[in-house]
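What the coordinates show
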Amino acid sequence: MQQKNKRVIMKNSTIRTIAIIGAGVAGIGAARLLGQAGFDCEVFEKGDKVGGVWTAGYHTFGLQTPKSLYEIPDYPIPDHYPRVPSGAELQAYFENYAKDYKVYEKICFNTEINRLEQHKNGSWLIHYKDNKSGLAEKKQFDFVVVASGIYFDPYVPEFPGQKKFAGQILHSSKYRTPSSVTGCKVVVVGFGKSALDVAGDVAKFAKEVTLVYRKAHWPIPMDVLDIIDVRRIYLTRLACALLPLYQRSNKWIKALHKTCPWLVSGFWRLTESIIKFQYPLKACGVLPDEPIEVDIFNLDFLPRKEVYQLMKQSIIKTQRTQIKAFTKTGIELESGSHLDCDVVIFGTGYKTNYSFLPEAFKKSQEADGVYLYRHIIHPDISNMAFIGRAATFSNSLTSHLASAWLVHLLKGKFQLPNHEQMLSEIENIKKWKQNFMPAISSRATVIKLHMVNFHDELLRDMAVNPYRKKNWFLEWFSDYRPADYRDVLSEITDH
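Residues numbered from 1 in each chain as written. Predicted model: local features only at pLDDT ≥ 70, side-chain atom pairs only at ≥ 80, totals over all residues. Heavy atoms only, no water.

1. Considering the packing of helix 7 (residues 251-259) against helix 8 (residues 261-278)
Two quantities define a packed helix pair, namely the angle between the helix axes and the distance between the axes. One can describe the packing of helix 7 onto helix 8 by two numbers: an axis separation of 4 Å at closest approach and a directional angle of 90°. Classified by the angle between their axes, helix 7 and helix 8 sit roughly perpendicular to one another. Contact residues: helix 7 offers Leu-256, His-257, Lys-258 and Thr-259, while helix 8 offers Pro-261, Trp-262, Leu-263 and Val-264. Per-class residue counts for the contact of helix 7 with helix 8 are five nonpolar, two polar and one charged. (Axes fitted to C-alpha atoms, helices over the stretch in contact; angles between N-to-C directions. Helix = DSSP H or I, 4+ residues; strand = E, 2+ residues; numbered from the N terminus. Parallel < 35°, antiparallel > 145°, perpendicular 65-115°, else oblique. Contact = heavy atoms within 4.5 Å. Nonpolar A, V, L, I, M, F, W, Y, C, P; charged D, E, K, R; others polar.)

Right under this line is the structure:
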């Protein structure tokens with residue numbers, strides 16, 4: 001990868017010490033696998049617990065998919081956990097994982113990264129603050145893994161007149177107890193999982209609930225027709241083949257799209273019909289505008305079915321519009337109406353915080369995010385990797401495979417392409433995504449249902465067979481789960 005005037009990964013033999021920023025799922029996985037491979041790792045965590053997003057959340061928050069989809073490949077979620085675990089149960093699962101793999105002894109809690117300074121030889125000086133003592137400190141490492149995720153801080157948009165509002169304004173993550181909404185008129189803003197979860201819970205205690213949203217999205221049923229586990233149909237290679245074409249689809253899949261477009265389209269129109277049968281979208285006035293095979297790259301959520309019943313019964317009222325301004329007693333909407341309310345809860349997600357990252361990263365920021373090689377490497381920043389920035393339906397699996405990929409790279413099992421080749425690959429993936437994916441702020445990180453194809457690429461780089469099933473029939477018609485990749489992690493040792 002040596003090229004004049006271009007930064008490169010250090011010689012593998014010189015990398016010994018690695019700083020990992022973040023002790024969420026991606027961070028503790030990276031610490032475990034890199035540690036097993038013989039690297040001296042230290043984890044810097046802003047909070048006082050491992051688990052990242054699972055350390056806190058809105059009232060009743062929890063996993064939105066069956067538990068086996070979110071588990072770590074070689075660390076099964078306990079059998080006694082319910083099919084869809086709560087946030088507290090997931091938090092306990094990750095705490096036990098960190099304990100069993102001795103990751104806790106590598107973590108500095110209550111530690112905030114202020115700045116990363118790179119020396120000419122490629123090593124990094126980490127400037128950080130111990131939030132307990134208040135002391136500013138610094139420490140040198142050969143390599144840095146940024147595992148702090150895509151989003152950091154709760155995002156609450158600002159509107160004119162917000163300070164005049166006599167009521168309470170919350171982010172969904174701060175909705176912890178029903179007492180804050182009991183007997184109140186409440187407006188919930190958004191149409192993602194957190195917004196619908198919060199609206200459904202608030203409806204049990206509030207005097208009135210209105211959901212204000214710009215765009216409706218297709219819900220994904222946990223069980224298709226209340227019979228078949230959704231994974232058995234949509235997390236297969238066959239379903240991936242019927243999605244808008246992957247960046248590098250094989251010739252057979254391309255031929256399928258070219259010769260049988262009616263089959264490809266028919267699969268998704270049938271899917272939409274099934275969802276409309278299971279959820280009263282039209283009756284609720286929340287029928288999405290985009291076809292499901294495109295909308296699925298917006299948001300992925302398996303909402304609680306009862307929320308749609310509450311909408312249908314007008315227990316949760318809906319307004320498809322935007323907030324124009326706040327008044328003393330409520331909100332003015334772009335539609336021209338005014339809603340009196342006591343509490344406004346924003347289920348509007350989180351915003352990025354790149355303040356501590358190198359200038360080369362900040363300069364790469366586009367309207368839809370920062371594009372990386374394999375969603376892991378920035379071509380202009382040496383001795384740094386990003387783990388946990390690829391958004392799939394199984395983020396714990398994806399981040400662990402990315403860490404395994406990084407171990408293979410740092411151990412010299414394969415080499416990165418040169419700088420120009422990586423830039424070309426990034427440009428290609430950007431064009432591919434922008435050709436069909438919705439223009440959301442995190443599009444650079446989105447993979448979603450194409451995760452099997454992305455995982456294939458990581459495994460091929462590692463010279464590991466990407467086909468994990470026993471025969472071709474199972475390969476195409478059975479769903480892929482984290483357990484299919486168990487041996488990819490278990491084989492990583494200091495040898």
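2. Here we look at the pairing of strand 6 (residues 136-141)
The pairing of strand 5 (residues 124-130) with strand 6 spans six bridges and is classified as antiparallel. Looking at the pairing, Leu-125 lines up with Gln-140 of strand 6. In sequence, strand 5 turns back onto strand 6 through a hairpin of five residues, with Gly-134 there showing a positive phi of about 80°. (Pairing = 2+ DSSP bridges.)

3. As for the sheet that holds strand 11 (residues 208-213)
Pairing in this open sheet of five strands is parallel, and the strands run 9-18-10-11-14 from one edge to the other. If you trace the sheet from one side to the other, it starts and ends with strand 9 (168-171) and strand 14 (316-320), each paired once. Each strand axis lies, on average, 20° off the axis of its neighbour in the sheet, ignoring direction. In this sheet, strand 11 lies alongside strand 10 (residues 185-189) in parallel orientation, the contact comprising five bridges. Residue Lys-185 lies in a different strand from strand 11, and its bridge partner there is Glu-208.

4. Let's talk about helix 1 (residues 25-36)
The terminal C-alpha atoms of helix 1 lie 17 Å apart, and with 12 residues this matches the ideal 16 Å at 1.5 Å per residue to within 8%. For helix 1, the buried fraction is high: 10 of the 12 residues fall into the buried class. (Expected span 1.5 Å × (residues − 1). Buried < 20%, exposed > 50% of the residue type's maximum accessible area, 1.4 Å probe, protein only.)

5. A word on the sheet that holds strand 6
Within the open sheet, the three strands sit side by side as 4-5-6. Their pairing is antiparallel. With partners counted over all chains shown, the strands left at the sheet margins are strand 4 (111-118) and strand 6, one partner each. Shown here is a sheet whose adjacent strand axes are inclined to one another by a mean of 25°, direction ignored.

6. Some words on unusual backbone geometry
Positive phi, normally seen in glycine, also occurs at Arg-374, with a value near 55°. Among the structural elements, Arg-374 can be located in the loop between helix 12 (359-363) and strand 20 (384-386). Among the residues examined, Arg-374 registers a relative accessible area of 13% and is labelled buried. With a phi close to 60°, His-375 is a non-glycine residue in the positive phi region.

7. Remarks on the nonpolar core
Leu-34 and Trp-405 are the most contacted members of the largest nonpolar core, which has 120 residues in total. In terms of residues, this core owes the most to one element, helix 13 (residues 395-410), which gives nine residues. Sequence-distant contacts of Leu-34, that is, excluding residues within four places in its chain, are made with Ile-18, Ile-20, Phe-39, Cys-41, Val-145, Leu-406, Val-407 and Leu-410. Ile-21, Ile-126, Val-146 and Met-384 belong to the second-largest nonpolar core, a separate cluster that totals 20 residues. (Core = buried A, V, L, I, M, F, W, Y, C linked by side-chain atoms within 4.5 Å.)

8. Focus on the pattern of salt bridges
On inspection of all chains with the given rule, the structure shows 28 salt bridges. With a closest N to O distance of 3.0 Å, Lys-469 and Asp-484 form a salt bridge. Of the two residues, Lys-469 is situated in the loop between helix 15 (451-461) and helix 16 (472-477) and Asp-484 in the loop between helix 16 and helix 17 (486-490); the sequence distance between them amounts to 15 residues. No difference in accessibility class separates Lys-469 from Asp-484, as the two residues are buried. Here the salt bridges share partners, and the residues they tie into one network are Arg-248, Arg-374, Glu-425, Glu-457 and Asp-461. (Salt bridge = Lys/Arg side-chain N within 4 Å of Asp/Glu carboxyl O.)

9. Notes on helix 4 (residues 193-202)
In terms of residue burial, helix 4 counts as a mostly covered element, since 10 of its 10 residues are buried. For helix 4, the complete set of buried residues consists of Lys-193, Ser-194, Ala-195, Leu-196, Asp-197, Val-198, Ala-199, Gly-200, Asp-201 and Val-202. Lining the buried residues of helix 4 we find strand 10, strand 11, helix 11 (305-312), strand 14 and strand 18 (343-346).

10. Focus: a nonpolar patch on the surface
Together, Leu-238, Trp-472, Phe-473, Leu-474 and Phe-477 make up an exposed nonpolar region whose accessible area comes to about 510 Å². No other element matches helix 16, which puts four residues into the nonpolar patch. Position of Leu-474 among the secondary structure elements: in helix 16. Using a relative accessible area of 31% as the deciding quantity, one classes Leu-474 as partly exposed. (Patch = residues over 30% accessible without salt bridge, like charges linked within 9 Å, V, L, I, M, F, W, Y side chains within 5 Å. Areas by Shrake-Rupley, 256 points an atom, 1.4 Å probe, with all protein chains shown as cover.)

11. Focus on the state of the cysteines
Summed over the entire model, instances satisfying the criterion amount to zero disulfides. Summary of cysteine pairing: Cys-41 is not part of a disulfide, and the nearest cysteine sulfur, belonging to Cys-108, is at 12 Å. A relative accessible area of 6% places Cys-41 in the buried class. For the unlinked cysteine Cys-240, the closest cysteine sulfur is that of Cys-260, found at 18 Å. (Disulfide = S-S within 2.5 Å.)

12. Description of the packing of aromatic side chains
Using the criterion set out here, one finds 26 aromatic pairs in the structure. When the centroid spacing of 5.2 Å and the interplanar angle of 70° are considered together, the rings of Tyr-75 and Tyr-97 count as edge-to-face. Taken as a pair, Tyr-75 in the loop between helix 2 (67-70) and helix 3 (87-100) and Tyr-97 in helix 3 lie far apart in primary sequence, 22 residues in all. By the burial criterion, Tyr-75 is buried, and Tyr-97 matches it. Among the aromatic residues, those joined into a cluster by ring pairs are Tyr-70, Tyr-75, Tyr-93, Phe-94, Tyr-97 and Tyr-101. Positioned over the ring face of Tyr-101 is Arg-32, at 4.0 Å from the centre of the ring. (Phe/Tyr/Trp six-rings, centres within 6.5 Å; stacked < 30°, edge-to-face > 60°. Lys NZ or Arg CZ within 6 Å of the ring centre and 35° of its normal.)

13. Digging into the environment of Gln-91
Looking at the secondary structure, you find Gln-91 in helix 3. Residue Gln-91 is classed as buried on the basis of its relative accessible area of 6%.

The quantities given are spatial measurements derived from coordinates; they are silent on function.
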